[in-house]
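Here's the letter readout for the chains.
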Amino acid sequence: MKVAKFGGSSVASAEQIKKVAAIIKEDKDRKIVVVSAPGKRHKNDEKTTDLLIKLGEASIENKNSELELAAVLTRYEEIATELELDEAILQEIEDDLRTKLHSTYENDGRFLDTLKASGEDNNAKLVAAYLNSTGQDAVYINPKDAGLLVSDEAGNAQVLPEAYDYLYRLRERKEVVVFPGFFGYSKNGILVTFPRGGSDITGAILAAAVQAELYENFTDVDSVYAANPAIVKNPVEIKRMTYREMRELSYAGFSVFHDEALIPAFRNKIPVCVKNTNNPKSSGTLIVAEREYSLNPVIGIAADEGFATIYVRKYLMNREVGFGRRLLEILEDVSISYEHIPSGIDDTSVIIRQAQLTPALEQRIIERISQELEVDDVHIEHDFSMVMLVGEGMNNTVGVTARAATALANQQVNIEMINQGSSETSLVFGIHQKDTDRAVQVLYNEFFGPEDKH
Ligand SMILES: Nc1ncnc2c1ncn2[C@@H]1O[C@H](COP(=O)(O)OP(=O)(O)O)[C@@H](O)[C@H]1O
Ligand SMILES: N[C@@H](CC(=O)OP(=O)(O)O)C(=O)O
């Protein structure tokens, strides 16, 4: 049995959904299908999820939201009309959204989660209806009925361990199961979404739960490439990589697969294959526990923007027992998570995602650190990127850091921070955001040869 997840780009239009139906029909083992909400049809298009967020925000601000509602409904209408589906399905979608808009919720987060999830939920119903209209026996299944239990932090769900046993029962279904991605339900029956891009997570959970032989993740590229193709021209394809490599690269900016989706697959040893809905014959990228040794210690280079660094200096910091704990406790008190903490003897930098900060919060953090830790200096700097080199081979190759640092220096990219994970499968450079694309290109040329020569 295989679980196949189709991302937003694969279900963005009627034409794409026809390709999805053909892919499902072609392999009888594709028994569980996870779908996203209709995504972008072209570069400047808007995802249905983003349209739903706009609708929710207009409603929260008590504005007339008919235009925003119409924008969402038009997406489904265009798809349903071209797929020649019964008009009743469109009425059902409109009724569903109007009911959701007029219900009462515990808070805005719950309301937005419910609206966001409707993108995948209504699309799963639509895709199931289309499969049935083409003669494939398909059934829409709701995550609540299936037992996809999650923790209850709005927009940030995590699967609960007991969900796996409930979801195992999906194996018994005779039809092709069409399952909406991106959300589950708390033990109290409240709908909660995963972080953005979370349909990949739903697919991985189902693949682990039903002990699938393969988790196929269908998207709009032939494979995972060694660098983001929007930054590097014709980057080399990665044919095979390990869970750990993919997790690090996804975390560091490879948006093609959600980093949290690797964990259920890895724990249950389910191979993951990233494939192209527009070119399903291409073998794609296989993600497995181990891969053969390759000459290049680096398998991929990722970059992500939007980091801030909290710089703290205090003479004899290294001798002060509990300093690090007290520093992190201040951040914990204001619910800030950190990404890296490179340290010297008298100073340390805590690198965080800057979206967590507001000017008032920054002020509070600086005041508390100055007063409670009696430091010599504390300040916050913004707009950094983290560029990450990843590869299992880095662990036993001498000189990767030197090669990377020299290549960056030769192109005048200033390195603000270097951090190597203890597993030594990743190496992170903190740089100024403005240098991000150049840094990726420079490192790509260093480790994979000149861009566009493949
Ligand atoms: N290293 C990479 N390899 C392949 N694609 C990448 C990489 N980094 C970023 N991407 C982007 O990820 C996109 C696919 O992910 P996403 O837009 O989430 O797809 P979906 O709509 O299928 O969920 C690609 O079109 C590509 O622009
Ligand atoms: N639709 C949701 C969930 C998702 O995974 O979408 P996609 O498969 O288009 O990345 C989002 O946009 O975040």
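What counts, and at which threshold
- Residues numbered from 1 in each chain as written.
- Chains lettered and ligands numbered in written order.
- Predicted model: local features only at pLDDT ≥ 70, side-chain atom pairs only at ≥ 80, totals over all residues.
- Heavy atoms only, no water.
- Helix = DSSP H or I, 4+ residues; strand = E, 2+ residues; numbered from the N terminus.
- Rg over C-alpha atoms; globule rule 2.2 N^0.38 Å.
- Buried < 20%, exposed > 50% of the residue type's maximum accessible area, 1.4 Å probe, protein only.
- Contact = heavy atoms within 4.5 Å.
- Areas by Shrake-Rupley, 256 points an atom, 1.4 Å probe, with all protein chains shown as cover.
- Near = heavy atom within 4 Å.
- Polar contact = N/O pair within 3.5 Å; in protein donor to acceptor, adjacent residues only side chain to side chain.
- Nonpolar A, V, L, I, M, F, W, Y, C, P; charged D, E, K, R; others polar.
- Pairing = 2+ DSSP bridges.
- Phe/Tyr/Trp six-rings, centres within 6.5 Å; stacked < 30°, edge-to-face > 60°.
- Salt bridge = Lys/Arg side-chain N within 4 Å of Asp/Glu carboxyl O.
- Domains from an automatic or database assignment.

A count of helical and extended segments in the chain gives 14 helices and 17 strands. Taking 22 Å as the expected radius of gyration for a compact globule of 454 residues, we find that the chain reaches 24 Å, a close match to that expectation. Across its three principal directions, the C-alpha atoms of the chain cover 70 × 55 × 40 Å. Looking at the chain as a whole, 52% of its 454 residues qualify as buried. Residue pairs in contact within the chain that sit at least 24 positions apart in sequence constitute 74% of those at least 6 positions apart. Accessible surface, the chain as shown: approximately 20,800 Å² in total, 47% of it carbon and sulfur.

A few words now on the site of ligand 2. Around ligand 2, the neighbouring residues are Lys5, Gly7, Gly8, Ser36, Lys47, Thr49, Glu120, Phe182, Arg196, Gly197, Gly198 and Ser199. Separating an oxygen atom of ligand 2 from a side-chain N or O atom of Lys5 is a distance of 3.0 Å. Within the side chain of Arg196, one N or O atom sits 2.7 Å away from an oxygen atom of ligand 2. The protein chains hide 90% of the 340 Å² of surface that ligand 2 would expose on its own. Among the residues making up the shell around ligand 2, the classes are represented as one nonpolar, seven polar and four charged.

Attention now moves to the pairing of strand 13 (residues 300-313). As judged from the 11 bridges shared by strand 13 and strand 15 (residues 377-390), these two strands associate in the antiparallel manner. Each residue of the ladder has a partner; that of Val312, found in strand 15, is Val378.

Under the criterion given, the structure shown has six aromatic pairs. With centroids separated by 4.7 Å and ring planes inclined at 10°, the aromatic side chains of Phe6 and Phe218 adopt a geometry described as stacked. With a gap of 212 residues between them, Phe6 in strand 1 (residues 2-6) and Phe218 in strand 7 (residues 214-219) connect regions that are remote in the sequence. Given a relative accessible area of 0%, Phe6 falls into the buried group. On the basis of relative accessible area, Phe218 is assigned to the buried category, the value being 0%. Relative to Phe266, the ring of Tyr243 has its centre 5.6 Å away and its plane inclined at 70°; by these criteria the two rings are edge-to-face. Of the two residues, Tyr243 sits in helix 9 (residues 243-251) while Phe266 sits in helix 10 (residues 262-267), which places them 23 residues apart along the sequence. Among the residues examined, Phe266 registers a relative accessible area of 48% and is labelled partly exposed.

For the rest of this paragraph, the subject is the site of ligand 1. The environment of ligand 1 is formed by 17 residues, the closest being Ser9, Thr219, Asp220, Tyr225 and Phe254. With respect to ligand 1, the backbone of Ser9 contributes an N or O atom lying 2.9 Å from an oxygen atom. Asp220 places a side-chain nitrogen or oxygen 2.7 Å from an oxygen atom of ligand 1. With the chains in place, 80% of the 570 Å² that ligand 1 exposes on its own is no longer accessible. Of all elements in the fold, only strand 7 and strand 8 (224-225) reach the threshold of two or more residues within the shell around ligand 1. The residue inventory of the shell around ligand 1, partitioned by class, reads eight nonpolar, seven polar and two charged.

The side chains of a regular strand alternate, first on one face of the sheet and then on the other. Bridge analysis of strand 16 (residues 415-420) against strand 17 (residues 426-432) gives five bridges, and the strand direction is antiparallel. Following the sheet pairing, Ile415 is matched in strand 17 by Ile431. Here strand 16 hands over to strand 17 after five residues, with Glu424 in that stretch at a positive phi of 60°.

Here we take up the pattern of salt bridges. Oppositely charged side chains can pair when the atoms bearing their charge come close. For the structure on display, the rule yields 35 salt bridges. Where Glu162 meets Lys187, a salt bridge forms, and the shortest distance between an N and an O atom there is 2.9 Å. Remark: Lys187 occurs in the loop between strand 5 (183-185) and strand 6 (191-193) and Glu162 occurs in the loop between helix 6 (143-146) and helix 7 (163-168); sequence separation between them is 25 residues. Taking relative accessible area as the criterion, Glu162 reaches 29% and is therefore assigned partly exposed. Overall, Lys187 belongs to the exposed group, its relative accessible area being 60%. Here Lys314 and Glu320 are joined by a salt bridge, their closest N and O atoms 2.8 Å apart. Overall, the relative accessible area of 11% leaves Lys314 in the buried class. The exposure class of Glu320 is partly exposed, given its relative accessible area of 23%. If you follow the salt bridges from partner to partner, you end up with Glu26, Arg30, Glu216 and Lys281 in one network.

On to the domain arrangement of the chain. Segmentation of the chain into domains returns domain 1 (2-220) and domain 2 (300-448). Placing a centre on the C-alpha atoms of domain 1 and another on those of domain 2 gives a separation of 36 Å.

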